[in-house]
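# Commentary on secondary and tertiary structure
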Amino acid sequence: MGALEKAIISVRDPDPQKDTEIKQVKVLFNPEKYSLEKSAAWEEKGKKKTLEFVGISRKSFSIELFYDTYEAGTDVRVYTNEIVQLMDPTVEYKGKKVPPVCLFSWGGFNFRGIVEKVTQNFSLFLNSGIPVRAVLTVGFKQFNYPTEQARGNPPGDPTKIRVVKDGETLNAIAAREYGDPSLWRVIADANKERIANPRVLSAGTSLIIPALT
């Protein structure tokens, strides 16, 4: 049995030309559950008020994170505050301060978004009143780079097609598309019928480059 894979929250550079990792926020324990929400937008048109489809809204992602520092006897807010601060405009982008772009990764699942809501519940305290146990419910809203939105795909589904060049690897493509070569499996999973061997790509092959959901 292999080592336990840990959930990761990676803070990314909001510049689409970089999309590199700025830092990682520690998740002490893997989540027991998470949820995804995606909805369609409809509007009433004309005198007959006919419903007309106008697009797909950005996906929302919610997760519960558990923190416990009782044995260490330290303040659990050292960790929970890191999550709360992800809502603060602390990253410089085009001369303005913006909230960090976060990539949550675990078990092959990836969601890139902005933290828009955090609910903290503290349930265990030291005699001094310092909290040592907490459950955080964290809500993310999907983030797309302008280059993805410009592809003409519906909001929240910026899938694109890329033609493999001679000598290219999945790691190199993942690095260019996502800023992280370790995300090559996201592309491989989306192209199981197109790729016979993930280690060897044939020039001219059209690959689906899915959005990080």
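Everything below is about the structure shown above.
Calculation notes
- Residues numbered from 1 in each chain as written.
- Predicted model: local features only at pLDDT ≥ 70, side-chain atom pairs only at ≥ 80, totals over all residues.
- Heavy atoms only, no water.
- Salt bridge = Lys/Arg side-chain N within 4 Å of Asp/Glu carboxyl O.
- Helix = DSSP H or I, 4+ residues; strand = E, 2+ residues; numbered from the N terminus.
- Buried < 20%, exposed > 50% of the residue type's maximum accessible area, 1.4 Å probe, protein only.
- Core = buried A, V, L, I, M, F, W, Y, C linked by side-chain atoms within 4.5 Å.
- Contact = heavy atoms within 4.5 Å.
- Pairing = 2+ DSSP bridges.
- Axes fitted to C-alpha atoms, helices over the stretch in contact; angles between N-to-C directions.
- Phe/Tyr/Trp six-rings, centres within 6.5 Å; stacked < 30°, edge-to-face > 60°.

Turning to the pattern of salt bridges, a few remarks are in order. According to the stated counting rule, one finds 4 salt bridges in the structure shown. The closest approach of N and O atoms between aspartate 68 and arginine 133, which form a salt bridge, is 2.6 Å. In this pair, aspartate 68 sits in strand E6 (residues 60-68) while arginine 133 sits in strand E11 (residues 131-142), placing the two residues 65 residues apart along the sequence. For aspartate 68, a relative accessible area of 21% gives the class partly exposed. Under the relative-accessibility criterion, arginine 133 is labelled partly exposed at 28%.

The tendency in soluble globular proteins is for nonpolar side chains to be buried as a group. If you look at the biggest cluster of nonpolar residues, it comprises 23 residues, and the most contacted ones within it are Ile9, Leu65, Ile83, Leu86, Val138 and Phe140. Those elements giving two or more residues to this core turn out to be strand E1 (8-12), E6, strand E9 (101-106), strand E10 (109-125) and E11. In contact with leucine 86, not counting residues within four places along its chain, are Ile9, Val11, Val25, Pro99, Pro100, Cys102 and Val115. Listed in part, the 14 residues of the second largest apolar core include Leu170, Tyr178, Val186 and Ile209.

As a further point, take the sheet that holds strand E3 (residues 34-37). Reading across from one edge, E2-E1-E9-E10-E11-E6-E3 is the order of the 7 strands in this open sheet, with antiparallel pairing throughout. Each edge of the sheet is formed by a strand with only one pairing partner; in this case those strands are strand E2 (21-25) and E3. Across the sheet, the axes of successive neighbouring strands diverge by a mean angle of 30°, strand direction being ignored. Both E6 and E11 contribute to a ladder of 9 bridges, which runs antiparallel. Directly across from glutamate 64, in E11, lies its bridge partner threonine 137. Contacts from helix H1 (residues 77-84) reach E1, E2, E6, E10 and E11 within the one sheet, and its direction differs from that of E10 by about 145°.

Enumeration according to the criterion identifies 9 aromatic pairs in this entry. Seen in terms of ring centroids, phenylalanine 61 and phenylalanine 104 are 5.3 Å apart; in terms of plane orientation they differ by 45°. Their pairing is tilted. Of the two residues, phenylalanine 61 is situated in strand E6 and phenylalanine 104 in strand E9; the sequence distance between them amounts to 43 residues. A single burial state applies to phenylalanine 61 and to phenylalanine 104, both of which are buried. Where phenylalanine 61 meets phenylalanine 109, the ring centres are 5.4 Å apart and the plane angle is 50°; that geometry is what we call tilted. Here the residue phenylalanine 61 occupies a position in strand E6, and phenylalanine 109 occupies one in strand E10, the gap between them amounting to 48 residues. A network of ring pairs unites the aromatic residues Tyr34, Phe61, Phe104, Phe109, Phe111 and Phe140 as a single cluster.

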